[in-house]
Amino acid sequence: MGYFQLDRRTGAPVDHNVAPAAGDTSLMAELKQLFRAMHTGTPLDRFPQAAAMFTACLRQYESAAEQTVVLKQLARNLYLLAALADAHWRHQAAMTEDVGAATGGRPLEECARLLSRAFTVTLTDRSGSRRAASLLIVVTLLRCYFRLDTVRLCGNIVRAVEMAPDYPDIGTAFPKAEAVAYWYFRGRVALDQQDYQKAVESLQAAVYWMPARGAERQLRRALVYLIVARMISTGGVPSDPE
């Protein structure tokens, strides 16, 4: 079953099977109601519903594996709609020639605020039930900070992950796609901090574990940064991954 899927190009819902069911929890019923409200309007109109869904799921989180899947999907939806809505918001601000006059706050900034709160909640959950969603939250937050050009804030995030007591091993405890994305952004952050050895180490891991098919664009991007980091740190050029 797909949970609350959105079209990546338009942000419109593609999962129309959200009718109330007898076995729904109060949370699932609330999420379905909010999701149905997203079938009309622009990404800027849909973003408040995505934010409300994400907040509700985080607030009422239980340890069920199904709910972890839902929380991750809602985090993806939140960022997708924030990125799409941000273009509408900036156009609106440009038309009025006044950023403050644009309707509401900037979607990407609100997205980052909600993800930052979720990051704290999932990272500090000693029971381990919410930590299953923590790396996806981290990666999405880092992506948001890069898009907002606030890379300096990323250092606090990676430091918190690396210093968290008993944090699961990133390479074995999380889906490989999430680990690869983390290593990629970890390398980008290290480059910004001029920690070139850490950048090489992280980007090499991202390149090594990246899927051989379906991720050509991401692989090229990671290799570009890896080449830069390697050339600065050692003066050499990395060989192709085996």
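Residues numbered from 1 in each chain as written. Predicted model: local features only at pLDDT ≥ 70, side-chain atom pairs only at ≥ 80, totals over all residues. Heavy atoms only, no water.

**Brief notes about the packing of helix H1 (residues 26-36) against helix H2 (residues 43-59)**
So, point 1. At a minimum axis distance of 9 Å, the contact between H1 and H2 shows a crossing angle of 175°. Comparing the axis directions of H1 and H2 gives the class roughly antiparallel. Contacts from Leu 27, Glu 30, Leu 31, Leu 34 and Phe 35 of H1 reach H2 at Gln 49, Ala 52, Met 53, Ala 56, Cys 57 and Arg 59.
So, point 2. Its residues placed into classes, the contact of H1 with H2 shows eight nonpolar, one polar and two charged. (Axes fitted to C-alpha atoms, helices over the stretch in contact; angles between N-to-C directions. Helix = DSSP H or I, 4+ residues; strand = E, 2+ residues; numbered from the N terminus. Parallel < 35°, antiparallel > 145°, perpendicular 65-115°, else oblique. Contact = heavy atoms within 4.5 Å. Nonpolar A, V, L, I, M, F, W, Y, C, P; charged D, E, K, R; others polar.)

**Overview of the layout of surface pockets**
So, point 1. Space inside the largest pocket adds up to approximately 1,100 Å³.
So, point 2. Lining the largest pocket are 29 residues, and of these Arg 8, Val 139, Arg 143, Ala 181 and Gln 218 lie nearest its centre.
So, point 3. Elements with a contribution of two residues or more to the lining of the largest pocket: helix H3 (65-96), helix H5 (134-147), helix H8 (176-192) and helix H10 (216-233).
So, point 4. Tallying contributions element by element places H3 first for the lining of the largest pocket, with seven residues.
So, point 5. Across the lining of the largest pocket, the residue classes tally to 17 nonpolar, five polar and seven charged. (1 Å grid on protein atoms, 1.4 Å probe; cavity = no way out; pocket = protein on both sides within 12 Å on 5 of 7 lines; lining within 4 Å. Points joined across faces, edges and corners; volume = space filled by probe spheres on them.)

**Here we look at a nonpolar patch on the surface**
So, point 1. Together, Val 224, Val 228 and Ile 232 make up a nonpolar patch on the protein surface, roughly 240 Å² of accessible area in all.
So, point 2. On the secondary structure map, Val 224 appears in helix H10.
So, point 3. On the basis of relative accessible area, Val 224 is assigned to the partly exposed category, the value being 47%. (Patch = residues over 30% accessible without salt bridge, like charges linked within 9 Å, V, L, I, M, F, W, Y side chains within 5 Å. Areas by Shrake-Rupley, 256 points an atom, 1.4 Å probe, with all protein chains shown as cover. Salt bridge = Lys/Arg side-chain N within 4 Å of Asp/Glu carboxyl O. Buried < 20%, exposed > 50% of the residue type's maximum accessible area, 1.4 Å probe, protein only.)

**Some thoughts on the pattern of salt bridges**
So, point 1. Tallied over the entire structure, the rule returns seven salt bridges.
So, point 2. Across the salt bridge formed by Lys 32 and Asp 24, the nearest N and O atoms sit 3.1 Å from each other.
So, point 3. Residue class for Lys 32 comes out buried when judged on its relative accessible area of 9%.
So, point 4. Across the pair Glu 30 and Arg 59 runs a salt bridge whose closest N-O atoms are separated by 4.0 Å.

**Considering the packing of helix H4 (residues 107-123) against H5**
Packed helices, taken two at a time, are described by the angle between their axes plus the distance between the axes.
So, point 1. It is the contact of H4 with H5, at a shortest axis distance of 9 Å, that shows an interaxial angle of 150°. Here H5 runs roughly antiparallel to H4, going by the angle between their axes. As H4 runs across H5, the sense of the crossing is left-handed. Each of Leu 108, Cys 111, Ala 112, Leu 115, Ser 116, Ala 118, Phe 119, Thr 122 and Leu 123 in H4 lies in contact with H5, whose residues at this interface are Ser 134, Ile 137, Val 138, Thr 140, Leu 141, Cys 144, Tyr 145 and Arg 147.
So, point 2. Partitioning the contact of H4 with H5 into residue classes produces twelve nonpolar, four polar and one charged. (Left-handed = near helix turned anticlockwise from the far one by under 90°.)

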